[in-house]
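In case you want the letters, here they are:
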Amino acid sequence: MVFYCELTTGTRKVGSPYKRFKDSLKSSLTACSIPQREWESIASDRCAWHLAVHQGVDTFEENRRDNLDHKWQARKERRPDPRATGKCPVCGRKCASAFGLCSHLKCH
Ligand SMILES: [Zn+2]
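For the protein, an unreviewed UniProt entry supplies the name RNA-directed DNA polymerase from mobile element jockey and the organism Solea senegalensis.

Written out as structure tokens, the structure reads:
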């Protein structure tokens, strides 16, 4: 009953089916690299389950940090270089600082 009933909290996209506890469990297993078809047999062995969960969480955390680093690098590369011209590429206005240029770019 726990696996197939609907969750009382949470959001879903418009038109998508209600999320069940089972769906949430599947997404968590996928995120932790635990095979969905074997999780019940793994969970029956407490030591194997402990090992699988800890390895999965470590892998998930490592991937999450890598993704954050990639996003941070991409964001840094998109920023205009403050030591460059400091000129707005849209209207040509010259700004004294990088922060001022970033603020000015928001108005475009
Ligand atoms: Zn401008």
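After presenting the structure, the write-up continues.
Right, let's get into the UniProt feature "domain: C2H2-type" (unreviewed entry) in the protein. Within this structure's numbering, the places UniProt gives as "domain: C2H2-type" (unreviewed entry) are residues 88–108. Split by type, residues 88–108 is 38% helix and 0% strand. Its first and last C-alpha atoms lie 10 Å apart.

Distances from the zinc ion to its protein donors, Cys 88 (SG), Cys 91 (SG), His 104 (NE2) and His 108 (NE2), fall within 2.0 to 2.3 Å. The site at the zinc ion holds four donor atoms, and with the angles between them running 102 to 124°, its shape is tetrahedral. Counting residues between consecutive donors of the zinc ion along the chain gives the motif C-x2-C-x12-H-x3-H. In this pair, Cys 88 is assigned in the loop between α3 (46–78) and α4 (98–105) and His 108 in the segment after α4, connecting sequence segments 20 residues apart. Judged by its relative accessible area of 48%, His 108 falls in the partly exposed class.

A complete count under the given rule lists one aromatic pair for this structure. Note on Trp 39 and Trp 49: the rings are 6.3 Å apart at their centroids and 50° apart in plane angle, and the pair reads as tilted. With Trp 39 in helix α2 (residues 39–44) and Trp 49 in helix α3, this residue pair connects regions lying 10 residues apart in the sequence. On the basis of relative accessible area, Trp 39 is assigned to the buried category, the value being 18%.

The final tally for this structure, using the stated rule, is three salt bridges. In this structure, Asp 23 engages Arg 20 in a salt bridge whose closest nitrogen and oxygen atoms are separated by 3.1 Å. Owing to a relative accessible area of 29%, Arg 20 belongs among the partly exposed residues under this scheme. Residues participating in the shared-partner salt-bridge network are Glu 61, Arg 64 and Arg 65.

Overall, the predicted model of the protein reaches an average pLDDT of 85, with 90% of residues at or above 70. Taking the mean pLDDT of every element in the protein, the minimum, 87, falls on helix α1 (residues 21–31) and the maximum, 93, on α3.

About the criteria used
Residues numbered from 1 in each chain as written. Predicted model: local features only at pLDDT ≥ 70, side-chain atom pairs only at ≥ 80, totals over all residues. Heavy atoms only, no water. UniProt positions renumbered as here; feature names shortened; annotations may be inferred. Helix = DSSP H or I, 4+ residues; strand = E, 2+ residues; numbered from the N terminus. Donors = N, O, S within 2.8 Å, 3.2 Å for Na, K, Ca; no water. Tetrahedral: all angles 85-135°; square planar, octahedral: opposite > 155°, others 65-115°. Buried < 20%, exposed > 50% of the residue type's maximum accessible area, 1.4 Å probe, protein only. Phe/Tyr/Trp six-rings, centres within 6.5 Å; stacked < 30°, edge-to-face > 60°. Salt bridge = Lys/Arg side-chain N within 4 Å of Asp/Glu carboxyl O. pLDDT = per-residue confidence, 0-100.

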